[in-house]
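# An overview of the molecular structure
One letter stands for each residue in the lines below.
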Amino acid sequence: MIFNESKPKTKWRMTDNEQQVVMNEPSIHQVTNHDEVANQQPVVNGAVGEDSSASAQLRELQKLLFDTDQKQEIAQLKAEWNDPEHLAPRVSQILPDAISQRATEDYQLTEAMMPFVVESIKVSAKRNPEHISDAIFPILGPAIRKAVAQAIANLTQTINQTLQHSFSSRGLKWRWEAFATGKSFAEVVLYHSLVYRVEQVLLIHRPTGLVLSHVLGDAVKAQEPELISGMLTAIRDFIQDSYGASEEADAEFNYDDLRVLTVAGPRASLACAVRGVPPTELKEEMQETIERIHQERGDKLKSFDGDTTPFEMCHPLLEELLKTRYQAFADPTRQGMPKVAWAILSVALLAFSVWGFFYVRDWVRWNNYLDKLRASPGIVLTDTERGWRRYSLTGLRDPLAVDAATLMPDFALNPAKLEAHWKEYQAPELAEARAKKLLNPPPGVTLKLKDGMLYATGLASQQWISDAKKLAPFIPGITQLEWEAAGELAVLQQEIEAQSVRCIGNKIAPGQDSIVVALISKVKRLDELAQQSNKIVSIRAIGHTDSTGTKAINQTLSQERAQEVKTLLETRSGQLKRTKFITEGVGDQHPIADLPEANRRVTFKVEVGS
């Protein structure tokens, strides 16, 4: 916005409490009332117009600076800003989002809050450590149990490795025991090296006999804690009634290598099931544990109403009693066998290993050989025997079957050691091979056996076919021979009928020699198959003409064309024993194209009969 230079200029003077607008106008007057200033209109380009955007902003600023209501609102905002009680609720509304947004940008907020968090944890731990222990117990409990289990596993591995590197009499004995019982060697070692093991611990409410807490050792078969508690209570009552024992007295029960130790407290008893011989300090640890339980959970024991939830916190104390101790192994070199015995044992083991290697190798080879022999057609094994110096086979063998001795080198076996005792028989699965040997088919003839029927295909003389049909039923596994000439006959029939010979006038057109030669070859083969299968073949030569000329002329011409082709085929085919030719003229009755040359032809129709 550009104002006329002759118009007054506006200057702003600001104080702490208010702002004044001073209008300096030469030779006119000084404006001191803000209402008059607000009513003035600027002259734009020498003319008075509507309020511009700058004028609107100016009025808004005047309202903000001089309006009484606006001043009160500003004063109220300043008061609220300086008053924490009014500011805290509004800050609490945006604080979570602000912290979340800041945390995603960088780690400065985390680093700034870390000292306060650490100090808060320290103060909380000093004032009320129970809260901290309750919070971290779900983490420390599994971690401790895992560490204990890992320690036992490491101990087992150490014992196992110690015995694996020694050949003491005890170690060999334990290995044999593991093999005989089907257990792992580590389990047998643990069983023999165990001094004592606390398998389970029970915390029992004395007035009611109910189980308050119960823990089991690793790999220990679970037992019903209520049954054990009831048994202990019954035994305690029996002893008190029978012998007048004190209720506070401790008790101990033995069964085979399992012992039950009990320590009594004012309101609860502690029972440990121990396998082996426990040390005296175990009883002291139990006494310390029951005293600690009464100290920490005495009020819960006093007000016990059947709810065992408050005593779940006692699990870590009870798990501390689940201890295991093993015997320390003596030096194997001191308890081992003498050097001479070791040498003898080493030589024996070496000899046994060599013998076992060759024995297993020959056994595998022999069984693979027998599998191959059983799969060979024409061989039936009834008995087999493998010795160090000979092999023996007994069974049935077809003369056409493979020789058993020829298969032995494939499996690194010596054929000279084989003694075979065969009974000759004719195997049905070798009937096809036997038929090929006995019938001796000519070259080009194939024999195939299927469901007792021998099928023959190919080119053979009528004499061979006749003899083969007579001999085939006498071959075991074959009922009869079927000469499969029908299939080839049908193929030749289709190929001949698909041919046509083009003509010019009543003569064969030039360039048809190759077609005629192919026809003659097919006719000869057709006649041979007809002889072999005792069939009669009739070939009809059909003459055709185009539509030009009269019907009488076309009929005569088509007959002459058929006769010409028939004469040529008969002349060149030689003497046909089972084939005859017939001619027929049809004129222009069956045209195949609009071109006259395509209809000037001779086609064929083949009929096969008995």
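Preceding block: the structure.
Residues numbered from 1 in each chain as written. Predicted model: local features only at pLDDT ≥ 70, side-chain atom pairs only at ≥ 80, totals over all residues. Heavy atoms only, no water.

### Quick look at the overall build of the protein chain
- Helix and strand content of the protein chain: 19 helices and 21 strands.
- Burial status across the protein chain gives 29% buried among its 610 residues.
- Counted over contacts in the protein chain with a minimum sequence separation of 6, partners at least 24 positions apart contribute 61%.
- On the protein chain, roughly 39600 Å² of surface is accessible, and the fraction owed to carbon and sulfur atoms is 55%. (Helix = DSSP H or I, 4+ residues; strand = E, 2+ residues; numbered from the N terminus. Buried < 20%, exposed > 50% of the residue type's maximum accessible area, 1.4 Å probe, protein only. Contact = heavy atoms within 4.5 Å. Areas by Shrake-Rupley, 256 points an atom, 1.4 Å probe, with all protein chains shown as cover.)

### Observations regarding the pairing of strand E5 (residues 194-205)
- Counted residue by residue, E5 has ten buried out of twelve residues, so it is predominantly covered.
- In this sheet, strand E10 (residues 324-326) lies alongside E5 in antiparallel orientation, the contact comprising three bridges. Within E10, the residue paired with Arg197 across the bridge is Thr324.
- Relative to strand E6 (residues 211-216), E5 runs antiparallel, the two sharing five bridges. Bridge assignment links Gln200 to a residue of E6, and that residue is Leu216.
- Once E5 ends, the chain turns through five residues before running back antiparallel as E6, passing Gly209 with a positive phi of about 80°. (Pairing = 2+ DSSP bridges.)

### Looking at the nonpolar core
- The biggest cluster of nonpolar side chains holds 24 residues, and the ones touching the most others in it are Val198, Val201, Leu203, Leu270 and Met286.
- Put simply, the parts of the chain that give this core at least two residues each are E5, E6, strand E8 (258-264), strand E9 (268-276), helix H10 (280-302) and helix H11 (315-319).
- Counting residues per element, this core draws most heavily on H10, which supplies five residues.
- In this structure, Leu519, Leu529, Ile539 and Phe604 belong to the second largest nonpolar core, which totals 23 residues. (Core = buried A, V, L, I, M, F, W, Y, C linked by side-chain atoms within 4.5 Å.)

### Some thoughts on helix H5 (residues 108-127)
- For H5, built from 20 residues, the straight-helix expectation of 28 Å at 1.5 Å per residue is met to within 8% by its first-to-last C-alpha distance of 30 Å.
- Of all the bends in H5, the largest measures some 35° and sits at Met114, one to four residues before the proline Pro115. (Expected span 1.5 Å × (residues − 1). Bend = angle between axes of the 7 residues up to and from the residue.)

### Let's talk about the packing of helix H17 (residues 513-532) against helix H18 (residues 551-573)
- In the contact formed by H17 and H18, the axes pass within 10 Å of each other and the chain directions differ by 60°. When the axes of H17 and H18 are compared, the pair comes out oblique. The element H17 and its partner H18 pack so that their crossing is right-handed. Residues Val516, Leu519, Ile520, Val523 and Lys524 of H17 form the contact with H18, whose participating residues are Leu568, Leu569, Arg572 and Ser573. (Axes fitted to C-alpha atoms, helices over the stretch in contact; angles between N-to-C directions. Parallel < 35°, antiparallel > 145°, perpendicular 65-115°, else oblique. Left-handed = near helix turned anticlockwise from the far one by under 90°.)

### Quick word on the packing of aromatic side chains
- Applying the stated criterion across every chain yields a total of seven aromatic pairs.
- Relative to Trp355, the ring of Phe352 lies with its centre 5.9 Å away and its plane at 35°, an arrangement referred to as tilted. With Phe352 and Trp355 both in helix H13 (residues 339-375) and three residues apart, the pair spans about one turn of that helix.
- Residues Tyr369 and Phe411 carry aromatic rings whose centres are separated by 6.1 Å and whose planes lie at 70° to one another, so their mutual orientation is edge-to-face. Highlighted residues: Tyr369 in helix H13 and Phe411 in the loop between strand E12 (391-397) and strand E13 (418-424), separated in sequence by 42 residues.
- Ring pairs connect the aromatic residues Trp366, Tyr369, Tyr391 and Phe411, which therefore count as one cluster.
- Stacked on the ring of Tyr359, the Lys or Arg Arg386 has its end atom at 4.9 Å from the ring centre. (Phe/Tyr/Trp six-rings, centres within 6.5 Å; stacked < 30°, edge-to-face > 60°. Lys NZ or Arg CZ within 6 Å of the ring centre and 35° of its normal.)

### Some thoughts on the pattern of salt bridges
- Under the definition given, this model contains 17 salt bridges.
- One salt-bridge network, in which partners are shared between bridges, spans Arg197, Glu199 and Arg275. (Salt bridge = Lys/Arg side-chain N within 4 Å of Asp/Glu carboxyl O.)

### Here's the deal with the sheet that holds strand E14 (residues 446-450)
- Spatially, the three strands line up as an open sheet ordered E14-E15-E16, and their pairing is mixed. Taken across any chain shown, the strands that pair with only one partner, and hence form the sheet edges, are E14 and strand E16 (480-483). Between one strand and the next, the sheet's axes are offset by a mean angle of 25°, whatever the strand orientation.
- Two strands pair when backbone bridges link them, and E14 and strand E15 (residues 453-457) are joined in this way by five bridges, in the antiparallel orientation. Along E15, the bridge assignment pairs Leu449 with Leu454.
- Contacts between helix H14 (residues 431-439) and the sheet are confined to E14, E15 and E16, with E14 contributing the most and set at about 145° to the helix.

### Remarks on H10
- Helix geometry: H10 is bent most strongly at Glu296, by close to 70°.
- Buried positions along H10 lie against E5, E6, E8, E9 and H11.

### Some words on the sheet that holds E12
- Pairing is mixed in the open sheet, where three strands are placed in the order E11-E12-E13. Only two strands of the sheet have a single partner each, and these edge strands are strand E11 (379-386) and E13. Recorded for the sheet is a direction-independent mean angle of 15° between the axes of neighbouring strands.
- Here E12 pairs with E13 via seven bridges, running parallel. Counterpart to Arg397 in the pairing with E13 is Glu424.

### Quick word on the environment of Thr556
- Among the structural elements, Thr556 can be located in helix H18.
- Judged by its relative accessible area of 46%, Thr556 falls in the partly exposed class.
- For the pair Thr556 and Asn506, spaced 50 residues apart in sequence, the C-alpha to C-alpha distance is 9.5 Å.

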